[in-house]
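Residue-level structure breakdown
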Amino acid sequence: VHSIVVHFRKYFIMPTTLYHDDYSNKTAYVIESDAVRYTWAGYYLYAIASSIIGDTTILIASIKYKAFKLHRVIIVVIQHMAFCDLIVSATYVLPKMVSIISDKWVLGNFLCYLYSYAQFYSNLTSMFLICAMTTSKLLLLKYPL
């Protein structure tokens with residue numbers, strides 16, 4: 001029983017506590033030089049900026065201007081995917097960029113746990129939304145209006 005508890009702690013609890021003060025970017029992300037660290041920070045900054053610009057454009061165009069001439073179900077799924085992408089940018093990419101720039105986790109224990117849970121649930125939600133959009137396309141092709 002003890003070995004099961006140790007195995008559980010090693011593989012399931014450790015990833016959420018990986019970003020405490022004891023660990024640096026070398027331990028968490030295998031980043032050893034400042035050049036690699038700043039390259040990754042620039043990449044994450046680009047990902048956040050493109051997500052904010054692209055997803056807000058999709059949301060504004062589809063909600064305010066009714067710019068898409070698609071079936072209503074497809075439009076709703078696209079809106080949900082854009083919103084989910086904004087959530088991923090705010091709860092996963094932004095904290096990761098901050099921790100890479102500061103060379104350690106500085107956002108506290110609550111955001112550490114929120115970071116790991118948001119990563120899991122946002123990936124799951126994105127996968128389900130893609131499946132819903134594909135299924136709705138199939139149903140619209142098979143049973144047209």
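For the structure itself, look to the data block above.
Residues numbered from 1 in each chain as written. Predicted model: local features only at pLDDT ≥ 70, side-chain atom pairs only at ≥ 80, totals over all residues. Heavy atoms only, no water.

**Regarding the overall build of the chain**
The line we're drawing: Helix and strand assignments follow DSSP, with helices taken as H or I runs no shorter than four residues and strands as E runs no shorter than two, numbered in order from the N terminus. The rule is simple: take the accessible area with a 1.4 Å probe, protein chains only, and divide by the maximum for that residue type; under 20% is buried, over 50% is exposed, in between is partly exposed. Two residues qualify as a contact provided that any one of their heavy atoms is within 4.5 Å of a heavy atom in the partner residue. Residue-level accessible areas treat just the shown protein chains as cover; the underlying method is Shrake-Rupley with a 1.4 Å probe.
Helix and strand counts for the chain stand at five helices and zero strands. Put simply, the chain runs from its N terminus to its C terminus through helices and strands in the order α-α-α-α-α. Taken across its 145 residues, the chain has 29% of its residues classed as buried. Within the chain, residue pairs in contact and separated by at least 24 positions form 69% of the contacts whose partners lie at least 6 positions apart. Total accessible area on the chain stands at roughly 10,100 Å², and carbon and sulfur atoms take up 70% of it.

**A closer look at the packing of aromatic side chains**
Aromatic ring pairs are reported here in terms of the distance separating the ring centres and the angle at which the planes meet. Our working definition: Aromatic rings from Phe, Tyr and Trp, taking only the six-membered ring of Trp, are treated as a pair when their centres fall within 6.5 Å; an angle between ring planes under 30 degrees marks them as stacked, one over 60 as edge-to-face, and anything in between as tilted.
Counting across every chain of the model gives six aromatic pairs. Relative to Tyr121, the ring of Phe120 lies with its centre 4.9 Å away and its plane at 75°, an arrangement referred to as edge-to-face. Look at Tyr121 and you get partly exposed, because its relative accessible area is 49%. Chaining the aromatic ring pairs together yields one cluster made of Trp40, Tyr43 and Tyr44.

**Overview of helix α3 (residues 34-63)**
Applicable threshold: Expected helix span is taken as 1.5 Å per residue step, with the number of steps being one fewer than the number of residues.
Over its 30 residues, α3 runs 43 Å from end to end, which matches the ideal 44 Å to within 8%, given 1.5 Å per residue. Every buried residue of α3 is listed here: Arg37, Ala41, Tyr44, Ile48, Ser51, Asp55, Leu59, Ala61 and Ser62. Along its buried surface, α3 packs onto α2 (25-28) and α4 (72-102).

**With respect to the nonpolar core**
Put simply, the rule reads: What is meant by a nonpolar core is a set of buried Ala, Val, Leu, Ile, Met, Phe, Trp, Tyr and Cys residues, joined one to another through side-chain atoms within 4.5 Å.
Residues Tyr29, Tyr44, Tyr92, Val93, Ile100 and Tyr115 are the most contacted members of the largest nonpolar core, which totals 14 residues. Those elements that place two or more of their residues in this core are α3, α4 and α5 (108-142). Each residue touching Val93, except ones within four places of it in the same chain, is listed here: Tyr44, Ala47, Ile48 and Val88.

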